[in-house]
Amino acid sequence: MKNVFIAGHKGMVGSALVRQLENKPDTKLVVRSRNQLDLTSQKDVFNFFSTNRIDEVYLAGAKVGGIYANSTYPAEFIYENLSIEANIIHAAHLNNVQKLLFLGSSCIYPKNSRQPMSENVLLDGPLEPTNEPYAIAKIAGIKLCESYNRQYGRDYRSVMPTNLYGPNDNFHPENSHVVPALLKRFYEAARRKNREVVAWGTGTPKREFLHVDDMASACVHVMNLSPETYQRFTRPTLSHINIGTGQDCSIRELVETIADITGFKGDIIWNKSKPDGAPRKLLDVSLLHSLGWQHTYSLKNGLQNVFEWYVQNQNELDKLNK
């Protein structure tokens, strides 16, 4: 029986990892709420690892948010994420935890990367300014893993997911990402029988979206690859693996799909004075596919799954976001 610590188990990704691992007969999950363990506190994290026998770590704990949150709180985003990953990775090493998986973000790649974005474009150009502090922290996490592998022979791996959505997503009216924000807006418009909903931009940019349960499945797959297989497909200074579908859709297609799922019958008005952002953001997932993993959720089926979860949990989420 191996003891597996999921850092950030109540978040969207962490809770998906719990669902993925909780019924495995050889696994005992070790979890702590934020009240029980402050991941930004070096003292608390070091004490946790020294008093608990941990065999594997999934480092899913992070401070996350959309463009508004990243632009408004850049200091918190870089400080808290650097603190969390440095504390956990170093404490894991000091307590002889050999296996760890660090979860990053596709925002680590340069703003104007060629599409689709492969792992080797990391540090190949300037980052998107709105989320640069968060991206810098995630790049540091990758390099922490690589450095402990090189110096101490650890098996610390990193995965970089595309845009994620799923149960336990953040539906805050200001700090949420695009999928939960749109689901909430169109659902409320449908209930009120509004005649129109305004969407930002032209709808032409293309984005890739991955259901969080697929993300969790890919994480477990990568964690369980043999060291020989993992090292054969990566190298000491380029150790991360992209996780995504390898497929994208236009924002217009996303909005129209969400309108259909939520039952909105009115008109969609495109406010073209609002920014579109980058024309395309798609991950190259050929490495992941070569390692034997494929996603299972289509975008429509995944969005339907999340919408049903949101409706069931709406009252609780509204109280949380007040």
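Relevant structure appears above.
Residues numbered from 1 in each chain as written. Predicted model: local features only at pLDDT ≥ 70, side-chain atom pairs only at ≥ 80, totals over all residues. Heavy atoms only, no water.

Let us now look at empty space enclosed by the protein. Take a probe with the size of a water molecule and roll it over the atoms, and the empty space left behind shows itself. Scanning the model with the defined rule gives 1 cavity of 30 Å³ or more in all. Taken as a whole, the largest cavity holds about 30 Å³ of empty space. What lines the largest cavity is simply Ser106, Met117, Thr162, Asn163, Glu208, Lys281, Leu282 and Leu283. (1 Å grid on protein atoms, 1.4 Å probe; cavity = no way out; pocket = protein on both sides within 12 Å on 5 of 7 lines; lining within 4 Å. Points joined across faces, edges and corners; volume = space filled by probe spheres on them.)

On to the sheet that holds strand E11 (residues 249–250). The pairing of strands in a sheet happens through backbone hydrogen bonds and is either parallel or antiparallel. Overall, mixed pairing links the 3 strands, which are arranged E11-E8-E13 in an open sheet. Unpaired on one side and paired on the other, E11 and strand E13 (280–281) mark the two borders of the sheet. Pairing of strand E8 (residues 206–207) with E11 involves 2 bridges; the strand directions are antiparallel. Within E11, the position partnered with Arg207 by the bridge is Cys249. (Pairing = 2+ DSSP bridges. Helix = DSSP H or I, 4+ residues; strand = E, 2+ residues; numbered from the N terminus.)

Taken together, the buried positions of helix H2 (residues 42–51) are Val45, Phe48 and Phe49. Each buried residue of H2 sits inside an arc of 90° when the element is viewed along its axis, so together they form one side. In H2, those exposed residues whose orientation departs by more than 90 degrees from the buried face are Lys43 and Thr51. Taken together, the buried residues of H2 touch strand E1 (2–7), strand E2 (27–30), strand E3 (56–59) and helix H4 (74–94). (Buried < 20%, exposed > 50% of the residue type's maximum accessible area, 1.4 Å probe, protein only. Arc of directions from axis to C-beta. Contact = heavy atoms within 4.5 Å.)

Here we take up the packing of aromatic side chains. The geometry of an aromatic ring pair is captured by the separation of the ring centres together with the interplanar angle, meaning the angle of the planes. Under the criterion given, the structure shown has 11 aromatic pairs. With 5.8 Å between their ring centres and 85° between their planes, Phe5 and Phe49 make a pair best called edge-to-face. Remark: Phe49 occurs in helix H2 and Phe5 occurs in strand E1; sequence separation between them is 44 residues. Each of the two residues, Phe5 as well as Phe49, counts as buried. Chaining the aromatic ring pairs together yields one cluster made of Phe171, Tyr187, Phe307, Trp309 and Tyr310. Across from the ring centre of Tyr230, 4.4 Å away, lies the NZ or CZ of Arg157, which sits over that ring. (Phe/Tyr/Trp six-rings, centres within 6.5 Å; stacked < 30°, edge-to-face > 60°. Lys NZ or Arg CZ within 6 Å of the ring centre and 35° of its normal.)

Quick look at the pairing of strand E10 (residues 240–243) now. Both faces of E10 are covered, namely the face carrying His240 and Asn242 and the face carrying Ile241 and Ile243. For strand E5 (residues 155–161) and E10, the ladder comprises 4 bridges, and the chain directions are parallel. Across the sheet, residue Val159 finds its bridge partner in E10, namely Ile241.

Attention now goes to helix H9 (residues 251–262). For H9, built from 12 residues, the straight-helix expectation of 16 Å at 1.5 Å per residue is met to within 8% by its first-to-last C-alpha distance of 16 Å. Among the residues of H9, those classed as buried are Ile251, Leu254, Val255, Ile258, Ala259, Ile261 and Thr262. One side of H9 holds all its buried residues, which, seen down the axis, span an arc of 165°. In the stretch just after H9, Gly263 is the one whose phi turns positive, near 85°. (Expected span 1.5 Å × (residues − 1).)

Here we take up the nonpolar core. Counting residues in hydrophobic clusters, the biggest one holds 69 residues, and the most contacted among them are Phe5, Leu17, Phe49, Tyr58 and Ile88. A total of 8 residues in this core trace back to one element, the largest contributor, which is helix H7 (residues 212–223). Setting aside its immediate chain neighbours within four residues, Phe5 contacts Val30, Arg32, Leu37, Leu39, Phe48, Phe49, Ile54, Glu56, Val57 and Tyr58. Counting residues in hydrophobic clusters, the runner-up holds 27 residues, among them Ile258, Ile261, Phe264 and Trp270. (Core = buried A, V, L, I, M, F, W, Y, C linked by side-chain atoms within 4.5 Å.)

The next point concerns the packing of H4 against helix H5 (residues 132–152). Closest axis-to-axis distance for the H4/H5 pair is 8 Å, and the angle between their directions is 15°. Accordingly, the angle class assigned to the pair H4 and H5 is roughly parallel. Every pair of crossing elements has a handedness; the one defined by H4 and H5 is right-handed. Residues Pro74, Phe77, Ile78, Asn81, Leu82, Glu85, Ala86, Ile89, His90 and His93 of H4 pack against Pro133, Tyr134, Ile136, Ala137, Lys138, Ala140, Gly141, Leu144, Cys145, Tyr148 and Tyr152 of H5. When its residues are assigned to classes, the contact of H4 with H5 shows 15 nonpolar, 4 polar and 2 charged. (Axes fitted to C-alpha atoms, helices over the stretch in contact; angles between N-to-C directions. Parallel < 35°, antiparallel > 145°, perpendicular 65-115°, else oblique. Left-handed = near helix turned anticlockwise from the far one by under 90°. Nonpolar A, V, L, I, M, F, W, Y, C, P; charged D, E, K, R; others polar.)

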